[in-house]
Amino acid sequence: MINTDAVIIGAGPVGLFVIHQLGIKGLKTEVIDNLDKAGGQCIELYPDKPIYDIPGIPSCTGKELTDKLIEQIKPFKSNFHLNERVEEVKQEEDFWILKTNKGKTFKSKNVVIAGGVGSFEPRKLSIKGSEKYEGKSLFYSVSDKTKFKNKKISIFGGGDSALDWALELSKISKVTIIHRRDEFRGAPHTLSELKKLEKLGKVSIKTKYQIDSIEGDKNIKSIIIKSDDDKKMKIDTDYILSFFGLIMKLGPIAEWGLNMDKKVINVNTNNFQTNKKGIFAIGDICSYPGKLKLILSGFHEGALASVECFKRARPNEKYRFEFTTSSKQIHERLGLKK
Amino acid sequence: MPKITYIDSSGNQKTIEVEIGLTVMEGAIQNNVTGIDADCGGGMSCATCHVYVKEEWLNKLPKAEDAEQDMIDMAFQPQKNSRLSCQITVTENLDGLTVTTPEKQN
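All of these numbers come straight from a predicted model, not from anything done at the bench.

What counts, and at which threshold
Residues numbered from 1 in each chain as written. Chains lettered and ligands numbered in written order. Predicted model: local features only at pLDDT ≥ 70, side-chain atom pairs only at ≥ 80, totals over all residues. Heavy atoms only, no water. Contact = heavy atoms within 4.5 Å. Buried area = accessible area lost by both parts, 1.4 Å probe. Salt bridge = Lys/Arg side-chain N within 4 Å of Asp/Glu carboxyl O. Polar contact = N/O pair within 3.5 Å; in protein donor to acceptor, adjacent residues only side chain to side chain. Helix = DSSP H or I, 4+ residues; strand = E, 2+ residues; numbered from the N terminus. Nonpolar A, V, L, I, M, F, W, Y, C, P; charged D, E, K, R; others polar. Domains from an automatic or database assignment. Pairing = 2+ DSSP bridges. Axes fitted to C-alpha atoms, helices over the stretch in contact; angles between N-to-C directions. Parallel < 35°, antiparallel > 145°, perpendicular 65-115°, else oblique. Left-handed = near helix turned anticlockwise from the far one by under 90°. Expected span 1.5 Å × (residues − 1).

Let us now look at the interface of chain A and chain B. Interface size, as often reported, equals the accessible area lost upon joining of the parts. Counting from both sides, the interface comprises 19 residues of chain A and, opposite them, 20 residues of chain B. Between chain A and chain B, roughly 1,800 Å² of surface is buried when both sides are summed, and carbon and sulfur atoms account for 44% of that area. Looking at the side of chain A facing chain B, the largest losses of area belong to A:Arg123, A:Arg180 and A:Arg185, adding up to 31% of the total buried there. If you look at where chain A meets chain B, you find 6 salt bridges. Residue A:Arg181 pairs with B:Asp73 through a salt bridge whose shortest N-O separation is 2.8 Å. Summed over the shared surface of chain A and chain B, the number is 12 residue pairs in polar contact (both at pLDDT 80 or more). For the side of chain A that touches chain B, the element with the highest residue contribution is strand 18 (residues 246-249) of chain A, accounting for 3 residues. For the side of chain A that touches chain B, the residue count by class is 5 nonpolar, 4 polar and 10 charged.

So, on to unusual backbone geometry. All names here are of chain A. Unlike most non-glycine residues, Asn150 shows phi in positive territory, near 60°. With respect to the helices and strands, the residue Asn150 is situated in the loop between strand 10 (138-139) and strand 11 (152-156). Despite not being glycine, Phe272 has its phi angle at roughly 60°, a positive value. Relative to the helices and strands, Phe272 resides in the loop between strand 20 (264-266) and strand 21 (279-281).

For the rest of this paragraph, the subject is the domain arrangement of chain A. For chain A, the assigned domains are domain 1 (2-121 + 247-333) and domain 2 (124-244). Placing a centre on the C-alpha atoms of domain 1 of chain A and another on those of domain 2 of chain A gives a separation of 38 Å.

Residues and elements named next belong to chain B. One open sheet accounts for 5 strands, arranged 2-1-5-3-4; its pairing is mixed. Two strands close off the open sheet at either side, each with one partner strand: strand 2 (13-17) and strand 4 (82-84). Looking at each pair of strands side by side, their axes are set apart by 35° on average, direction ignored. Relative to strand 5 (residues 98-100), strand 3 (residues 50-53) runs antiparallel, the two being bridged by 2 bridges. Across the sheet, the residue bridging to Tyr52 is Thr100, located in strand 5.

Below, the discussion takes up the pattern of salt bridges. In this structure the tally under the stated criterion is 32 salt bridges over all chains. Of the charged contacts, one joins A:Asp238 and A:Lys152 as a salt bridge, the two residues approaching to 4.0 Å between their closest N and O atoms. Separated by 86 residues along the polypeptide, A:Asp238 in the loop between strand 16 (232-236) and strand 17 (239-242) and A:Lys152 in strand 11 bring together distant segments of the chain. Close ionic contact of B:Asp73 with A:Arg185 constitutes a salt bridge, the shortest N to O distance being 3.0 Å.

With that settled, the discussion passes to the packing of helix 4 (residues 160-169) of chain A against helix 5 (residues 188-199) of chain A. Residues and elements named next belong to chain A. With their axes 10 Å apart at the nearest point, helix 4 and helix 5 run at an angle of 40° to one another. When the interaxial angle is binned, helix 4 and helix 5 end up oblique. Of the two possible hands of crossing, helix 4 and helix 5 adopt the one that is left-handed. Every residue of helix 5 that contacts helix 4 at Leu163, Asp164, Ala166 and Leu167 is listed here: Thr190, Leu191, Glu193, Leu194 and Leu197.

The next point concerns the sheet that holds strand 19 (residues 260-261) of chain A. Residues and elements named next belong to chain A. Pairing is mixed in the open sheet, where 3 strands are placed in the order 19-20-22. Each edge of the open sheet carries a strand with a single partner, namely strand 19 and strand 22 (286-287). Pairing of strand 20 with strand 22 involves 2 bridges; the strand directions are parallel. When the bridges of strand 22 are listed, Asn266 appears paired with Ser287.

All right, on to helix 3 (residues 62-73) of chain A then. For helix 3 of chain A, which comprises 12 residues, the first-to-last C-alpha distance of 17 Å matches the rise-based estimate of 16 Å (1.5 Å per residue) to within 8%. Residues of helix 3 of chain A that are buried make contact with helix 1 (13-23), helix 2 (40-44), strand 3 (50-51), strand 4 (60-61), strand 5 (79-81) and helix 6 (295-313) of chain A.

Here B:Glu68 shows up in helix 3 (residues 66-72). Among all residues touching B:Glu68, those that are not within four sequence positions of it are B:Met44, B:Arg83, B:Leu84 and B:Gln87.

Here we take up the pairing of strand 14 (residues 209-216) of chain A. Bridging between strand 14 of chain A and strand 15 (residues 220-227) of chain A involves 7 bridges; their strand directions are antiparallel. In the sheet register, A:Ser213 faces strand 15 of chain A, and the bridge partner there is A:Ile224.

Encoded structure:
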């Protein structure tokens, strides 16, 4: 069991900044995120797109903002638990006990949910019956490419993942890449490499086609693809790789007994606490009159929530508001030299 | 105000007066029209406000940018007449626009 002052769910920009706000108040934190890296939507959806409304920073990309935030919270040595999802939250007297899908348990007086729109999951194929092949002959990511050696692979998607894997696997297997239009959004260079291979007969590219159905029993045997004008084509297939990006799913949060409105959690605007004492919600996932889904709003929400977190974690200490420019104590916590 | 009609996959339809300047997505969200999720809030980064636009209306809309087409690649069952409703801004000319929402958004 990991004891800490606050558990933060979600390592997006808002989750990262609340580590700072809790850290300057002397609180220890543990962060849990379902993705394999910190940054949330900034990293998954727009790593290279500029953001223009971070106060004092005229323009920075999602990746740059994430990197800066990670640098800013370094002094607080928060532990990151990535690729991990909180499944269960239970109350035990004044504490919250959290269990993750990897079997870790956390005990803390404060839980700060900075979960954005939920956890990211691969977007699945919209074909009835495709679930039964999942993990056997249908994959949404590649962990071990050796199993595809000398097999017939059908790859769906038009982005970099689809193009990169088509190119890579064409060296060891028979690859067909299928995309709904002629234009690909993946790197033009990779596409031209693939087109060269197509001329040599080493890879097959089918555009303006989408999946129609899958044939097989235990494993996939073939797929039927369909064009915009209803032309159908059968392709012998051992494995399907599908790359349609990520979707956001709220996941188990919906079952924790919090007051919710559709997919967002209601909070008060004094300290961003939910209807459960000690559980806070900040950033895109919280809702209150006038809420704006801006990163800067999330920063503000985290700052206010951290004050109540302090009061709960340190009931015998008095909370003192301090400025980072002048507080010696904060400077010590930031590890600054005197 | 222009009237926009939203039809869901089972045929239920709702006609809403949407203020000029709002997007077709905002018109749906503000009026509790189901079938449009808009997880990212209009940032063209999630494809959960995906709609099908009737052929006769499709040509009256400004063409989808590349970035919108890129997102539509990831939408649930995209078709030729797929658009993201967050990218369709309501104008006087769109009075009567009808969009159909897919079976689900993701």
